Amino acid sequence: MTSGSRHGGQHSTPTPRVRLVDVAREAGLSKTTVSAALNDTGRLSPAVREKARETARRMGYRPNATARQLRAGRAKLIGYVVGEAVDARSVFLESPYFARLTGATAATALRRGYAMVLLPAGSLQSEWADLPLDAVVVTDPDADDRIVDDVLAAGIPVFSDRSVEGRPGAYWVDVDTDAAVRSALDHFHEQGARRPVLVVPDSTTRFHTEVFAAHREWCAEHGLPERVVRVGEAGNGPVVRAVETALTEDPAGRRPDALLVVAEASPPLVLGAARRLGYDVPGNLLLACVSEDVTAEHTEPPVTTLSLRPEAIAEAGIEHLVRVLEQGGREPAGTLVPTRLDVRASSVRQHG
């Protein structure tokens, strides 16, 4: 790209930056008054405050971000890592859950004046050490993920799931996993299912470990066989193959009558796998998926989903982060976000 314009090779003249003093002169106000109006400080009348703001908008005034950051002692940058995606870098943004969580975190942070920097999963400290990060959000870290240790060792606050509870400099937001799993299994049980099967990732994240434990406990309490199929890889293909394995008969020739798919996959593909194996949903198989995929509402029948409410997690996480960074909050407790079971026709017995 050349430095000249496309019109006769003429160089364009950059537009001069509008200064605070320029806004003050145009509005007929003092520089101090305009500064107070734009920063929502001082004792100004609504009319004066609005006049200063309207003049600044009309003139295209933008505060000097660097100067403001130096005064605040913060760069207003948040690092963001999807811990679970260490071995699946290309998959996590294809996930409706992580896509919505990432987008909601970025949007919520921006509303509070912070920009989000996406860090590759498995990042080495040398790759982010020079970035002026105020905090780092690590979603679903694996048990052996070093990113949390490295960030805390660098003196940067970490916001993650409940696996960091009790660690100095670490704060958490998590979902009530036990209640979530029980809500789905109780719903199956109320509909008459007695042979539920669980499809869950073979993962060491806190969420998936707690899903497995809650399922085991629930089955023991109800005197029902514990049927679980673990998925070794993320993505629709591996999960659908695991669903097909889960839906085969057990050694006694009994087929499952309910399927809870925690490993994220497209609900229409899960429904299609069940039908290929001769199941009628919900006739002889109840189906629910842990999913944020909106296609679940448009299948036939619509698929019941257990939502982890990524927008609520993002909102709670950023509120906690701002409280720590700007108000000096240091309370060790985190926030537990309730999940939501959206019951649809795929998990409701048809009584006739």
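Quantities reported herein were computed from a predicted structural model and do not represent experimental measurements.

Cut-offs used in this document
Residues numbered from 1 in each chain as written. Predicted model: local features only at pLDDT ≥ 70, side-chain atom pairs only at ≥ 80, totals over all residues. Heavy atoms only, no water. Helix = DSSP H or I, 4+ residues; strand = E, 2+ residues; numbered from the N terminus. Buried < 20%, exposed > 50% of the residue type's maximum accessible area, 1.4 Å probe, protein only. Contact = heavy atoms within 4.5 Å. Areas by Shrake-Rupley, 256 points an atom, 1.4 Å probe, with all protein chains shown as cover. Pairing = 2+ DSSP bridges. Axes fitted to C-alpha atoms, helices over the stretch in contact; angles between N-to-C directions. pLDDT = per-residue confidence, 0-100. Phe/Tyr/Trp six-rings, centres within 6.5 Å; stacked < 30°, edge-to-face > 60°. Lys NZ or Arg CZ within 6 Å of the ring centre and 35° of its normal. Expected span 1.5 Å × (residues − 1). Core = buried A, V, L, I, M, F, W, Y, C linked by side-chain atoms within 4.5 Å. Polar contact = N/O pair within 3.5 Å; in protein donor to acceptor, adjacent residues only side chain to side chain. Salt bridge = Lys/Arg side-chain N within 4 Å of Asp/Glu carboxyl O.

Asker: Please clarify how the overall build of the protein chain should be interpreted in this entry.
Answerer: Secondary structure summary: the protein chain contains twelve helices and twelve strands in total. Residue burial in the protein chain is summarised as follows: out of 352 residues, 45% are buried. In the protein chain, 67% of the contacts between residues at least 6 apart in sequence involve partners at least 24 apart. Roughly 17,900 Å² of accessible area belongs to the protein chain as shown, and the carbon and sulfur atoms make up 51% of that amount.

Asker: What's the story with the sheet that holds strand 12 (residues 340-342) in this structure? I'm lost.
Answerer: Where strands meet in a sheet, backbone hydrogen bonds hold them as pairs that are either parallel or antiparallel. On the basis of which strands lie adjacent, the open sheet formed by six strands has the order 7-6-8-9-10-12 and mixed pairing. Unpaired on one side and paired on the other, strand 7 (227-231) and strand 12 mark the two borders of the sheet. Between one strand axis and the next, the sheet turns by 15 degrees as a mean value, whatever way the strands run. Across three bridges, strand 9 (residues 286-290) lies against strand 10 (residues 304-307) in parallel orientation.

Asker: I would appreciate a short explanation of the confidence of the model for the protein chain in the present structure.
Answerer: Atomic detail in the predicted coordinates should be set aside for any region of low pLDDT. Averaged over all residues, the pLDDT of the protein chain equals 85, while 85% of them reach at least 70. Considering only residues more than four positions removed or in separate chains, one finds that residues 1-9, a stretch of pLDDT under 50, has five contacts.

Asker: How should I be thinking about the packing of aromatic side chains in this particular structure?
Answerer: Any aromatic ring pair is given by two values, namely how distant the centres are and how the planes are angled relative to each other. This structure, assessed with the given rule, holds two aromatic pairs. Taking NZ or CZ as reference, Arg 230 lies 4.2 Å from the ring centre of Phe 212, over its face. Here the guanidinium or amino end of Arg 255 rests over the ring plane of Tyr 279, the centre of that ring lying 4.0 Å away.

Asker: Hey, could you run me through helix 5 (residues 96-111) in this one?
Answerer: Working note: α-helix, 3.6 residues per turn, so residues spaced by three or four point in the same direction. The end-to-end C-alpha separation of helix 5 is 22 Å, in line with the 22 Å expected for 16 residues at 1.5 Å each. Buried residues along helix 5 sit in contact with strand 1 (77-82), strand 2 (115-118), strand 3 (135-139) and helix 12 (310-327). Just past helix 5, the residue Gly 113 takes up positive phi, approximately 90 degrees.

Asker: Sorry, what's going on with unusual backbone geometry here?
Answerer: In this chain, Val 281 is followed by Pro 282 through a cis amide linkage whose omega measures 10 degrees. By secondary structure assignment, the location of Pro 282 is in the loop between helix 11 (267-276) and strand 9. The omega torsion of the bond from Glu 300 to Pro 301 falls at 5 degrees, within 30 degrees of zero and hence cis. Structurally, Pro 301 can be placed in the loop between strand 9 and strand 10. Unlike most non-glycine residues, Arg 309 shows phi in positive territory, near 55 degrees. Assignment of secondary structure puts Arg 309 in the loop between strand 10 and helix 12.

Asker: Got a minute to help me understand the pairing of strand 10 in this structure?
Answerer: Side chains Thr 304 and Leu 306 project from strand 10 onto one buried face, and the interleaved Thr 305 and Ser 307 project onto a second face that is buried too. Across three bridges, the pairing between strand 10 and strand 12 is antiparallel. The residue bridging Ser 307 from the neighbouring strand is Arg 340, located in strand 12.

Asker: Quick question: what am I supposed to make of the nonpolar core here?
Answerer: The nonpolar side chains of soluble globular proteins are, as a tendency, buried together. If you look at the biggest cluster of nonpolar residues, it comprises 46 residues, and the most contacted ones within it are Phe 188, Leu 260, Val 262 and Leu 321. With eight residues, helix 12 is the single largest residue contributor to this core. For Leu 260, the residues in contact, after removing those within four places along its chain, are Ala 184, Leu 185, Phe 188, Val 197, Leu 198, Val 199 and Ala 288. Of all hydrophobic cores here, the second largest spans 25 residues; its members include Ala 242, Val 243, Val 281 and Ala 296.

Asker: Hey, could you run me through the environment of Ser 203 in this one?
Answerer: Residue placement: Ser 203 occurs in the loop between strand 6 (196-201) and helix 9 (206-222). With a relative accessible area of 13%, Ser 203 lands in the buried category. Separated by 27 residues in the primary sequence, Ser 203 and Arg 230 have C-alpha atoms spaced 8.7 Å apart. Side chain to side chain, Ser 203 and His 208 meet in a polar contact 3.4 Å long.

Asker: What should I look at first to understand the pattern of salt bridges in this one?
Answerer: Pairing is possible between side chains that carry opposite charge, provided their charged atoms lie close to one another. What the rule picks out here adds up to 22 salt bridges. Residue Asp 149 pairs with Arg 167 through a salt bridge whose shortest N-O separation is 2.7 Å. Here the residue Asp 149 occupies a position in helix 7 (residues 147-153), and Arg 167 occupies one in the loop between strand 4 (158-160) and strand 5 (170-175), the gap between them amounting to 18 residues. Here Asp 149 falls in the partly exposed class, since its relative accessible area comes to 29%. Where Asp 202 meets Arg 230, a salt bridge forms, and the shortest distance between an N and an O atom there is 3.9 Å. Here Asp 202, found in the loop between strand 6 and helix 9, pairs with Arg 230, found in strand 7; they are 28 residues apart in sequence, far enough to count as distant. We classify Asp 202 as exposed; its relative accessible area is 52%. Classification of Arg 230 by relative accessible area gives partly exposed; the value is 39%.

Asker: What is the right way to read the side chain of Ser 307 from this model?
Answerer: Inspection of the secondary structure puts Ser 307 in strand 10. Of note is the side chain of Ser 307, whose polar atom sits 3.1 Å from the backbone nitrogen of Arg 309. Setting aside residues no more than four positions away along its own chain, Ser 307 makes contact with Ser 291, Glu 292, Thr 339, Arg 340 and Asp 342.

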